[in-house]
Amino acid sequence: MVQTILNRSQVPLDSRDLETCRRVFDKLSAGYAVARDSDEAGRMASIIIELYRQGVRDPNHLQSMVEAARGLFETNGTPATAR
């Protein structure tokens, strides 16, 4: 029998995983006034899920990485903090 080795990105997310991703998404979308049904929200959600699947589990780290990936930094080089 051939054994399949699954890496973390192939394992389905459970409810705790999705809750973490949702909280980060909600915080970012509210902080940057991104409409939930917009293209930007879809891109942001995709980035959150992909980073989470790659092992970024800390919500604050995940938020920082999404901000960096989406270019949501202020012009002076300091990260903008979503509220």
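Given the structure is predicted, the values throughout are model-derived calculations rather than measurements.

Summed over the entire model, instances satisfying the criterion amount to six salt bridges. A salt bridge links aspartate 14 to arginine 16, with the shortest nitrogen-to-oxygen separation between them at 2.8 Å. Take aspartate 14: its relative accessible area is 28%, and that puts it in the partly exposed class. Here arginine 16 falls in the exposed class, since its relative accessible area comes to 62%. The partner of arginine 43 in a salt bridge is glutamate 40, and the shortest N-O contact between them spans 3.1 Å. Of this pair, arginine 43 and glutamate 40 both sit in helix α2 (residues 39-53), three residues apart, which is roughly one turn of that helix. A relative accessible area of 39% places arginine 43 in the partly exposed class. In the salt-bridge network here, residues are joined through shared partners; they are Glu19, Arg22, Arg23, Asp26 and Arg36.

Another aspect to go through is the packing of aromatic side chains. Tallied over the entire structure, the rule returns zero aromatic pairs. Positioned above the aromatic ring of tyrosine 52, the side-chain terminus of arginine 57 is 4.2 Å from the ring centre.

One finds Leu28, Met44, Ile48, Leu51, Leu62 and Val66 to be the most contacted residues of the largest nonpolar core, which totals 15 residues. A per-element tally of this core places α2 first, with six residues. Beyond its immediate sequence surroundings of up to four residues, methionine 44 is in contact with Phe25, Leu28, Ser29, Val34 and Val66.

As a rule of thumb, non-glycine residues mostly have phi less than zero, and peptide bonds are mostly trans rather than cis. One non-glycine residue, alanine 33, lies in the positive phi region at around 50 degrees. Turning to its location among the elements, alanine 33 is positioned in the loop between α1 (15-31) and α2.

Criteria and thresholds
Residues numbered from 1 in each chain as written. Predicted model: local features only at pLDDT ≥ 70, side-chain atom pairs only at ≥ 80, totals over all residues. Heavy atoms only, no water. Salt bridge = Lys/Arg side-chain N within 4 Å of Asp/Glu carboxyl O. Buried < 20%, exposed > 50% of the residue type's maximum accessible area, 1.4 Å probe, protein only. Helix = DSSP H or I, 4+ residues; strand = E, 2+ residues; numbered from the N terminus. Phe/Tyr/Trp six-rings, centres within 6.5 Å; stacked < 30°, edge-to-face > 60°. Lys NZ or Arg CZ within 6 Å of the ring centre and 35° of its normal. Core = buried A, V, L, I, M, F, W, Y, C linked by side-chain atoms within 4.5 Å. Contact = heavy atoms within 4.5 Å.

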